[in-house]
Amino acid sequence: MTNKHYDNAMKRLKENNVRITPQRQIILKYLIENDNHPTVETIFNVLDKTFPNLSMATVYNNLRLFKKLNLIIELPSVDSGYRYDFYDHPHLHAACDICNKIIDIDDPEFAEIEKNLKDKTCTVGFKPTVSSISIHGICKECQEKLANQ
């Protein structure tokens, strides 16, 4: 499945006249293959081990480009930073306010909810491009830790 996502992403880059560089390829592959909603630092630290000439600025710049092309979404983090997610289909996010973990939640009804929300925003003259809905709370693991204190 990831090959299909990767091929579609490469096609979108080419349609937008974006040069396909090795750095873009490895950053995009990492985002497609991992659902850990990484930070810029996480992406850099993981990829720097196998691609030592990668810079933090390159990661930032490519994430900005991928976001602009709606290949990824940027999720605010409780630590005032951002986390990133490859956007292959509409889905919800559950974000833990203690450990900062983000979990994807697929809901078959969400696509219809998202369509309705986008339609409503269009009625006020706003043109939506991508949406992200996050539910904040405390994950199961953090609840267990709090209960055992």
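Refer to the structure above for everything that follows.
Residues numbered from 1 in each chain as written. Predicted model: local features only at pLDDT ≥ 70, side-chain atom pairs only at ≥ 80, totals over all residues. Heavy atoms only, no water.

What follows covers the environment of Val 130. Within the secondary structure, Val 130 is located in the loop between α5 (110-122) and β5 (133-137). Take Val 130: its relative accessible area is 29%, and that puts it in the partly exposed class. A sequence separation of 67 residues divides Val 130 from Leu 63, and the C-alpha atoms of the two residues are 15 Å apart. Sequence-distant contacts of Val 130, defined by excluding residues within four places in its chain, comprise Asn 70, Ile 73, Tyr 87 and Lys 118. (Helix = DSSP H or I, 4+ residues; strand = E, 2+ residues; numbered from the N terminus. Buried < 20%, exposed > 50% of the residue type's maximum accessible area, 1.4 Å probe, protein only. Contact = heavy atoms within 4.5 Å.)

Considering all chains together, one arrives at four salt bridges under this definition. Glu 141 is the salt-bridge partner of Lys 101, the closest N and O atoms lying 2.6 Å from each other. Here Glu 141 lies in helix α6 (residues 140-147) and Lys 101 lies in the loop between β3 (92-96) and β4 (102-105), a separation of 40 residues in the sequence. Close ionic contact of Lys 118 with Glu 114 constitutes a salt bridge, the shortest N to O distance being 3.9 Å. (Salt bridge = Lys/Arg side-chain N within 4 Å of Asp/Glu carboxyl O.)

Once that is clear, we can look at the sheet that holds β4. Taken in spatial order, the three strands of this open sheet run β4-β3-β5, and their pairing is mixed. Each having just a single partner strand, β4 and β5 make up the two edges of the open sheet. Ignoring which end each strand starts from, the neighbouring axes of this sheet average 25 degrees apart. Pairing geometry for β3 and β5, over five bridges, is parallel. Across the sheet, the residue bridging to His 93 is Ser 134, located in β5. (Pairing = 2+ DSSP bridges. Axes fitted to C-alpha atoms, helices over the stretch in contact; angles between N-to-C directions.)

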